[in-house]
Amino acid sequence: MVNPTGEMTGPAGEPSELPGKTNQLQKDLSSDGYIIIRELLSPDQVERLRLVIKQHLKSEGRYQYGGKFQLHAMYVAEEIAKFLSSDVILNRLKEITRPLDVVLTGECDMMINTTSSWHNDVPHHPACIDGAIFADESFRVYKIAFYLQDQDEHSPATLKVRPRSHLKGLVESMPEKGLGIGAGDAIIFDVRIEHAGQMPTLVDRSLRKFFERIGPRLRLDSQKAFTLTRSALRRIAGTPDRMALFMTFGPSDSCTHSYAEEGCNRHSGVRGTLSAEVLKQLAANNISPPIIGKPVAPQQVSGPGT
Ligand SMILES: O=C(O)CCC(=O)C(=O)O
């Protein structure tokens, strides 16, 4: 784990080690499958992001997993795109992907109060079928996660990982670890690692089943009914909102590209544009527009007779 004031970085979050040498962030990610960067965001930034996410998800996004989330958040909320492409974030991503440039896959989600059981983020990847992805030491695709509230290591809300499971696959027997964090910390994890967020409780599971059973009969959106009931219960109990923002990235190599291509196939309808300001900032950092969401090149568009 790395403290921003520690020995690995220079002023303003700029990388301080020589290019070509593997830095501590890279070493920890490749051995443990996750790192925590402390106090990357100021309290004001945390407050602002919580506000933007809450406002956005009030009227947009999808009801699911007992909460609400928005896929491809950077395409729908300019402030999120600006935040994720700010120097303080990109300098850290560059530190992790160097000597190669950063590639943004385009996977970028924001969520409020969703639940999540144990899983990894590569179940659809072709190399997951025979487990080859877990033996591939060159695979370096990561998710940066901003949890916008304090989550101590024993809290049910905290992100849990099975350290080193990114090299093993789904191994329930490996010990789990709750990652205690403060609201301004960032967690970066290998998309292959087994992880879980706020696990559904017995009440959550029963409510979901109940609404899934009665929803169709009553012409109710069962996911919406589940989320709204859960949020009423949270309000009564005085449970604060749990919010997070995620973005997937990797070095400019074939693994990141094939991971993103696979995402494009699953989200083939997604097209997104970023503002000129955000694109300029990405270009200034040698980063191309995110892969998922890119307009399809004319020769790839199939039409009648093709
Ligand atoms: O809700 C959480 O904390 C888990 C998020 C997660 O599993 C993911 O982004 O892949």
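Residues numbered from 1 in each chain as written. Predicted model: local features only at pLDDT ≥ 70, side-chain atom pairs only at ≥ 80, totals over all residues.

- Looking at an unreviewed UniProt entry, one finds the chain named Phytanoyl-CoA dioxygenase (PhyH) and attributed to Rhizobium aethiopicum.

## Observations regarding the sheet that holds strand β5 (residues 142-147)
Reasoning step 1: With antiparallel pairing, the seven strands of this open sheet are ordered in space as β1-β8-β5-β10-β4-β3-β2. Because the sheet does not close on itself, it has two edges, and the strands there are β1 (34-37) and β2 (62-64). This sheet shows a mean twist of 25° between the axes of neighbouring strands, independent of strand direction.
Reasoning step 2: Alignment of strand β3 (residues 67-70) against strand β4 (residues 102-112), held across three bridges, turns out to be antiparallel. (Pairing = 2+ DSSP bridges. Helix = DSSP H or I, 4+ residues; strand = E, 2+ residues; numbered from the N terminus. Axes fitted to C-alpha atoms, helices over the stretch in contact; angles between N-to-C directions.)

## Examining the confidence of the model for the chain
Reasoning step 1: Confidence in the prediction for the chain averages 89 pLDDT; 89% of positions are at 70 or higher.
Reasoning step 2: Overall, residues 3-16 carries pLDDT values under 50, and its contacts beyond four positions in sequence, including any with other chains, amount to 24 contacts.
Reasoning step 3: With pLDDT under 50 throughout, residues 301-306 is counted as low confidence; its partners more than four residues away or in other chains account for one contact. (pLDDT = per-residue confidence, 0-100. Contact = placed C-beta atoms within 7 Å.)

## A closer look at the environment of M174
Reasoning step 1: On the secondary structure map, M174 appears in the loop between β6 (160-161) and β7 (177-178).
Reasoning step 2: Linking M174 and R164, residues 10 residues apart in sequence, is a C-alpha distance of 8.6 Å.
Reasoning step 3: If sequence neighbours within four positions are ignored, M174 has contacts with R162, S165 and K168.

## Quick notes on the site of the ligand
Reasoning step 1: Around the ligand, a shell composed of T114, S116, D121, L159, H195, G197, Q198, A244 and F246 is seen.
Reasoning step 2: Looking at the shell around the ligand residue by residue, the classes come out as three nonpolar, five polar and one charged. (Near = placed C-beta within 6 Å. Nonpolar A, V, L, I, M, F, W, Y, C, P; charged D, E, K, R; others polar.)

## Topic: the sheet that holds β6
Note: strands within a sheet are paired through backbone hydrogen bonds, in either parallel or antiparallel orientation.
Reasoning step 1: Spatial ordering of the open sheet is given by β7-β6-β9, a layout of three strands whose pairing is antiparallel. This sheet does not close on itself; its edge strands, each paired only once, are β7 and β9 (195-196).
Reasoning step 2: Relative to β7, β6 is paired through two bridges, and the arrangement is antiparallel. Along β7, the bridge assignment pairs K160 with G178.

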